[in-house]
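Survey of secondary and tertiary structure
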Amino acid sequence: MAERRGSGRRRPGAGRPRAERPDRGGGWTGREFEVAVGPVAHGGHCVARHEGRVVFVRHALPGERVVVRVTEDRQPGYCRADAVEVLEAAPDRVERPCPYSGPGRCGGCDWQHVSWEGQRRLKADVVREQLTRLGRLDAADPLLTGLEVEPLPGGPLRWRSRARFAVDRAGVPGLRRHRSHDVVALDDCPITVEPAARAVLDRRWPGAGAVDVAVDSAGTVTTTRLDRRGAPTSTRVLAAGQDVPAEPAGRAGRRAGGRDWEVEGTGFWQVHESAADALVAAVTGLAAARPGETVLDLYAGAGLFGGALAPSVGDSGRVVCVEADAEACAAAEANLGGLPQAEVWQGEVDAEGLTGLLEELGDAPDVVVLDPPRAGAGPAVSRVVAGTGARAVVYVACDPASLGRDVAALAGAGYRLAALRAFDAFPMTAHVECVALFEPA
Ligand SMILES: C[S@@+](CC[C@H](N)C(=O)[O-])C[C@H]1O[C@@H](n2cnc3c(N)ncnc32)[C@H](O)[C@@H]1O
């Protein structure tokens, strides 16, 4: 059950290594052949067929003819391949702006070879495909046929304000090759904002396993060195020519929705510099909270959506932010300090915890906002949310597959998709952020 701040619980067993899967493929690794590239699929590749098998092709575009080289063949039904030669190019193909991307190189981006408009069309296709196949929506639904992935300000490069770079055994920073532990050394990462890229990539990090970097709204850069098991070992803050050691848990200042926010150095914040602003506008617009209403902000982080909705419900309303992480809860409390209608509850959002929280709350929520991690809320939590009878459920999703699964669960519990927006919060990658409004059917 969620509790008011002070006694969070942790899930046991997280982070256990997965057992090696047996190789059941067709022995095609290294083979080269020509294919006609079919539709885009979730995960940054397109689908082709060869000798009756599915080939997931990276570095290609739908409609192209390419020569592929098989990079991985472990499953009977499909293999993975890179397009190594383009025989007939699609109109959306462009020169890659990043010299480190391409077959066998840095695995950080998926769509460097695609125009920005083309990337957004591919992402819209992926959202449509996931919501019809997993969400069981009708492909002719105007919410899907009319879906456009909206660009965020700033263009497709230098948008990333937080990043984790890998470090090789010699202390050289870079990013990993696709589906590999190998580190590709980088002098630059053109999707990362310049000060963050420079702070990490202009030096060596002997003994480190990775480096986290974040730039806050004031331009202050914080780097955190991680050991080979991913544990933070030291933090430095670079601001106005200074380079000083800092507390690992130091807070960063962010601006979004017209106000300032404090976020734990290691806590969640949208990576795209403009994403928090865009999502606040989308969530508040779709929620349309009214004076006196009760709003539940699940997976609240530093209280971004709850804080943005609090003024709409006014002093007679109530906003309850629920978050598992103790440090994020502390930041949320600081952020919501001036809003007496807002409270922070620390606890796990799972079916049992949420049911207990709702009993303790007393008020049935009018609006529920959910912004879960990639795995999504899941069918059990979705059913509990639907059981509240809220007039609006606003679901923020960074994985359209998780959203698709939960669309089906919400539909089974009596909620229909009433509005859908999608944002290109991760240009050059295959990721896309969706904001969906559900209403009682
Ligand atoms: C995608 S972030 C969203 C944060 C916030 N809405 C924002 O936009 O800044 C997801 C948040 O959910 C929290 N979280 C993850 N699993 C959780 C769970 N089972 N129960 C409660 N919170 C959880 C994470 O700590 C993280 O702060």
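Residues numbered from 1 in each chain as written. Predicted model: local features only at pLDDT ≥ 70, side-chain atom pairs only at ≥ 80, totals over all residues. Heavy atoms only, no water.

As annotated in an unreviewed UniProt entry, the chain carries the name 23S rRNA m(5)U-1939 methyltransferase and is attributed to Geodermatophilus nigrescens.

On to the nonpolar core. Grouped together as the largest cluster of nonpolar side chains are 69 residues, with contacts concentrated most on Phe165, Leu186, Val283, Leu304, Phe305, Val394 and Val435. A per-element tally of this core places helix 4 (residues 275–287) first, with nine residues. Built from parts of two domains, this core gets at least three residues from each of domain 2 (162–250) and domain 3 (272–440). Setting aside its immediate chain neighbours within four residues, Leu304 contacts Ala256, Trp261, Trp269, Ala276 and Val280. In this structure, Val322, Trp345, Val393 and Leu417 belong to the second largest nonpolar core, which totals 40 residues. (Core = buried A, V, L, I, M, F, W, Y, C linked by side-chain atoms within 4.5 Å. Buried < 20%, exposed > 50% of the residue type's maximum accessible area, 1.4 Å probe, protein only. Helix = DSSP H or I, 4+ residues; strand = E, 2+ residues; numbered from the N terminus. Domains from an automatic or database assignment. Contact = heavy atoms within 4.5 Å.)

With their axes 9 Å apart at the nearest point, helix 7 (residues 351–361) and helix 8 (residues 379–387) run at an angle of 20° to one another. Between helix 7 and helix 8, the crossing angle belongs to the class labelled roughly parallel. Once helix 7 is placed against helix 8, the crossing between them reads as right-handed. Packed against helix 7, whose contacting residues are Ala351, Leu354, Thr355 and Leu358, the element helix 8 presents Ala380, Val381, Val384 and Val385 at the interface. (Axes fitted to C-alpha atoms, helices over the stretch in contact; angles between N-to-C directions. Parallel < 35°, antiparallel > 145°, perpendicular 65-115°, else oblique. Left-handed = near helix turned anticlockwise from the far one by under 90°.)

Turning our eyes to something else, we now look at helix 8. Regarding helix 8, the residues found buried are Val381, Ser382, Val384, Val385 and Ala386. In this structure, the buried residues of helix 8 make contact with strand 18 (294–298), helix 7, strand 21 (367–370), strand 22 (392–397), helix 9 (400–412) and strand 23 (415–424).

A word on the domain arrangement of the chain. Taken domain by domain, the chain consists of domain 1 (32–93), domain 2 (162–250) and domain 3 (272–440). Here domain 2 and domain 3 have C-alpha centroids that lie 31 Å from each other.

This part takes up the site of the ligand. The full set close to the ligand counts 16 residues, and Glu323, Ala324, Glu348, Val349 and Asp371 are the nearest of them. Glu323 is positioned such that a nitrogen or oxygen atom in its side chain is 2.6 Å from an oxygen atom of the ligand. Between the ligand and Val349 there is a distance of 2.7 Å, counted from a nitrogen atom to a backbone nitrogen or oxygen. Isolated, the ligand exposes 600 Å² of accessible area, and the fraction of that covered by the protein chains is 88%. Broken down by class, the residue content of the shell around the ligand amounts to nine nonpolar, two polar and five charged. (Near = heavy atom within 4 Å. Polar contact = N/O pair within 3.5 Å; in protein donor to acceptor, adjacent residues only side chain to side chain. Areas by Shrake-Rupley, 256 points an atom, 1.4 Å probe, with all protein chains shown as cover. Nonpolar A, V, L, I, M, F, W, Y, C, P; charged D, E, K, R; others polar.)

What follows deals with helix 4. Over its 13 residues, helix 4 extends 18 Å from the first C-alpha to the last, a length consistent with the 18 Å expected when each residue adds 1.5 Å. Of all the residues in helix 4, the buried ones are Ala275, Ala276, Ala278, Leu279, Val280, Ala282, Val283, Leu286 and Ala287. Of the surrounding secondary structure, the elements contacted by the buried residues of helix 4 are strand 16 (251–256), helix 5 (304–313), strand 21, strand 22, strand 23 and strand 24 (433–440). (Expected span 1.5 Å × (residues − 1).)

Turning next to the pattern of salt bridges. As enumerated under the stated definition, the model contains 29 salt bridges in all. With a closest N to O distance of 2.8 Å, Arg53 and Asp73 form a salt bridge. Here Asp73 lies in the loop between strand 6 (65–72) and strand 7 (78–88) and Arg53 lies in strand 5 (residues 53–58), a separation of 20 residues in the sequence. We note a salt bridge from Asp125 to Arg128, for which the minimum N-O separation is 2.9 Å. Of the two residues, Asp125 and Arg128 are both situated in helix 1 (residues 116–133); the distance of three residues between them amounts to about one turn of the helix. Asp125 gets classed as partly exposed once you look at its relative accessible area, which sits at 35%. (Salt bridge = Lys/Arg side-chain N within 4 Å of Asp/Glu carboxyl O.)

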